[in-house]
Amino acid sequence: MKTTYEKDLARLNKKGTDVCSICHVPFDDDDVVYTVFGYNRLGKLQVTSGYCIDKIVDVRLIGLCGEFDPDRFNAYLREHPLYESFMKKKAALM
Ligand SMILES: [Zn+2]
């Protein structure tokens, strides 16, 4: 059985996760982009970055997009603006 979140995520991935699903501006792929997957106030799953992150009230996943050395994924992820709060939330759920 798939959860609602998994279904929403599959739908979002099909639409493409290289543009902000709130303002539809493509993520800058010349640099590391810190992405956030989560639900907005209306209960819709969004993938976003930058200023639109403020629209996410329930963060489900943080990630990276754009141009970066895959070997440094974890190092970059630690630089994510929501890294601390996301890890805290994850720890609380376990
Ligand atoms: Zn946006």
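This is a predicted model, so every value here is computed, not measured.

Moving on to the coordination of the zinc ion. For the zinc ion, the protein coordination sphere consists of Cys-20 (SG), Cys-23 (SG) and Cys-52 (SG), at 2.2 Å. Between consecutive donor residues of the zinc ion, the sequence gaps follow C-x2-C-x28-C. In this pair, Cys-23 sits in the loop between helix H1 (4-15) and strand E1 (32-40) while Cys-52 sits in the loop between strand E2 (45-48) and strand E3 (56-66), placing the two residues 29 residues apart along the sequence. The partly exposed category is assigned to Cys-23, whose relative accessible area is 40%. Overall, Cys-52 belongs to the buried group, its relative accessible area being 13%.

The next subject is the pairing of E2. The two faces of E2 match: Leu-45 and Val-47 on one face and Gln-46 and Thr-48 on the other face are all buried. Two strands pair when backbone bridges link them, and E1 and E2 are joined in this way by four bridges, in the antiparallel orientation. The residue of E2 that forms the bridge with Phe-37 is Val-47. As consecutive antiparallel partners, E1 and E2 are separated by four residues, and within that stretch Gly-43 has a phi angle of approximately 80 degrees, a positive value.

Reading guide: rules and limits
- Residues numbered from 1 in each chain as written.
- Predicted model: local features only at pLDDT ≥ 70, side-chain atom pairs only at ≥ 80, totals over all residues.
- Heavy atoms only, no water.
- Donors = N, O, S within 2.8 Å, 3.2 Å for Na, K, Ca; no water.
- Helix = DSSP H or I, 4+ residues; strand = E, 2+ residues; numbered from the N terminus.
- Buried < 20%, exposed > 50% of the residue type's maximum accessible area, 1.4 Å probe, protein only.
- Pairing = 2+ DSSP bridges.

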